[in-house]
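Here's the letter readout for the chains.
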Amino acid sequence: MNPVTEKIKILCADKNIPAEELAKNAGLTVKQVQLIFDSEKIPSLSSLIKISRALGVRLGTFLDDNENIGPVINKNSTQSRPITFTSHLTSDNSHIDFFSLAASKSGRHMEPFLIDIKPSGSSKLTASSHEGEEFLYVLKGSITVLYGLDEFVLNTGESIYYDSIVEHLVTSANDDPAQVLAVVYTPN
């Protein structure tokens with residue numbers, strides 16, 4: 001079992017919250033919660049944010065490695081393993097790998113990530129929405145951001161800041177991989 005799912009189960013057990021109540025409070029179906037509980041994969045970022053709100057914890061609770069009150073420094077040699085969020089109903093959006101840049105920082109309100117975006121080819125991709133805001137800065141390549149009914153193509157050195165409650169989807173703009181620096185903020 002992945003550590004994120006394990007933390008969700010522990011929090012539910014500690015708070016005596018059954019799967020049905022978690023589903024209702026998170027705005028998910030019981031089937032989605034059961035798939036999350038039974039899966040080896042990490043839930044989608046959208047689902048994880050909804051679950052964190054339902055459990056009354058910050059998003060970082062699920063991604064924390066350690067509890068560090070002071071600053072967190074990342075060096076190339078200590079780059080974390082990627083996190084791939086899934087939809088749990090399909091294999092959609094497995095084209096994105098997230099590398100947490102602050103997993104050991106306790107009490108954080110922002111989630112900074114390096115994100116590697118692989119070309120999706122003909123795969124069906126699903127937009128998501130969740131509370132909060134996101135900032136993306138393109139480090140390498142080009143990305144397409146579908147935001148509501150709008151579409152934006154961003155190249156190296158360009159950025160976008162948006163309300164993540166609007167349905168959005170980030171993909172490679174072409175057949176080449178891309179990399180972005182992302183900061184996700186979710187209100188407490």
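Predicted model, so just to flag it, every value in this text is computed and none were measured.

## A look at helix 4 (residues 45-55)
An α-helix turns once per 3.6 residues; consequently, residues spaced three or four apart project the same way.
Here is step 1 of the chain: The buried count for helix 4 comes to nine of eleven residues, which makes it a mostly enclosed element.
Here is step 2 of the chain: Turning to helix 4, its buried residues number three or more, namely Leu45, Ser46, Ser47, Leu48, Ile49, Ile51, Ser52, Ala54 and Leu55.
Here is step 3 of the chain: Just beyond helix 4, the residue with positive phi is Gly56, at close to 70°.

## Considerations on empty space enclosed by the protein
Here is step 1 of the chain: All told, the structure shown has one cavity of 30 Å³ or more when counted by the stated rule.
Here is step 2 of the chain: Approximately 40 Å³ is the volume found for the largest cavity.
Here is step 3 of the chain: Lining the largest cavity are ten residues, and of these Leu59, Gly60, Arg108, His109 and Thr186 sit closest to its centre.
Here is step 4 of the chain: Residue composition of the lining of the largest cavity, grouped by class: three nonpolar, four polar and three charged.

## Digging into the packing of aromatic side chains
Here is step 1 of the chain: One pass over the structure, following the stated rule, counts two aromatic pairs.
Here is step 2 of the chain: Both rings, one in Phe135 and one in Tyr161, keep their centres 6.4 Å apart while their planes meet at 55°; by these two values the pair is tilted. With Phe135 in strand 3 (residues 133-140) and Tyr161 in strand 6 (residues 159-163), the pair connects residues that are 26 residues apart, well separated along the chain.
Here is step 3 of the chain: A ring pair is formed by Tyr147 and Tyr162, whose centres lie 5.3 Å apart and whose planes are at 50°; its orientation type is tilted. With Tyr147 in strand 4 (residues 142-147) and Tyr162 in strand 6, the pair connects residues that are 15 residues apart, well separated along the chain.
Here is step 4 of the chain: Judged by its relative accessible area of 17%, Tyr147 falls in the buried class.

## A short note on the pattern of salt bridges
Here is step 1 of the chain: Under the criterion given, the structure shown has one salt bridge.
Here is step 2 of the chain: The salt bridge involving Glu131 is made with Arg53; its shortest N-O contact spans 3.1 Å. In this pair, Glu131 is assigned in the loop between strand 2 (110-117) and strand 3 and Arg53 in helix 4, connecting sequence segments 78 residues apart.
Here is step 3 of the chain: What makes Arg53 partly exposed here is its relative accessible area of 35%.

## Points about helix 1 (residues 3-14)
Here is step 1 of the chain: Compared with an ideal rise of 1.5 Å per residue, which puts twelve residues at 16 Å, helix 1 spans 16 Å between its outermost C-alpha atoms and is within 8% of the ideal.
Here is step 2 of the chain: The complete set of buried residues in helix 1 reads Val4, Thr5, Ile8, Leu11 and Cys12. Viewed along the axis of helix 1, the buried residues span an arc of 125°, placing them on a single side of the element. Away from its buried face, by an angle of more than 90 degrees, helix 1 presents the exposed residues Pro3, Ala13 and Asp14.
Here is step 3 of the chain: Of the residues flanking the end of helix 1, it is Asn16, one or two places downstream, whose phi is positive at about 50°.

Reading guide: rules and limits
Once a new chain begins, its residue numbering starts again from 1 and follows that chain's sequence as written. Where totals are concerned, whole chains, interfaces and linings use all residues; where local detail is concerned, this predicted model gives features only for residues with pLDDT of at least 70, and gives and counts side-chain atom pairs only at 80 or more. To obtain the side-chain values, all non-hydrogen atoms of the structure were used and water was disregarded. Relative accessibility decides the category of a residue: with a 1.4 Å probe and only protein chains considered, values under 20% of the type maximum give buried, values over 50% give exposed, and everything between is partly exposed. Each helix is a run of DSSP H or I of at least 4 residues and each strand a run of E of at least 2, with the numbering of both proceeding from the N terminus. Cavity: a set of points on a 1 Å grid over the protein atoms alone where a 1.4 Å probe fits but cannot get out. Pocket: an open set with protein on both sides within 12 Å along at least five of seven lines, its lining residues, like those of a cavity, having an atom within 4 Å of a point. Grid points are joined across faces, edges and corners, and a volume is the space filled by probe spheres set on the points. Three classes are used: nonpolar for Ala, Val, Leu, Ile, Met, Phe, Trp, Tyr, Cys and Pro, charged for Asp, Glu, Lys and Arg, and polar for all others, with Gly counted as polar. Side-chain rings of Phe, Tyr and Trp, where Trp is taken by its six-membered ring, are said to pair if the distance between their centres is within 6.5 Å; with planes under 30 degrees apart they count as stacked, over 60 as edge-to-face, and otherwise as tilted. A carboxyl oxygen of Asp or Glu within 4 Å of a side-chain nitrogen of Lys or Arg is what we treat as a salt bridge. One less than the residue count of a helix, multiplied by 1.5 Å, gives the span that helix is expected to have. It is the directions from the helix axis to the C-beta atoms whose arc is reported.

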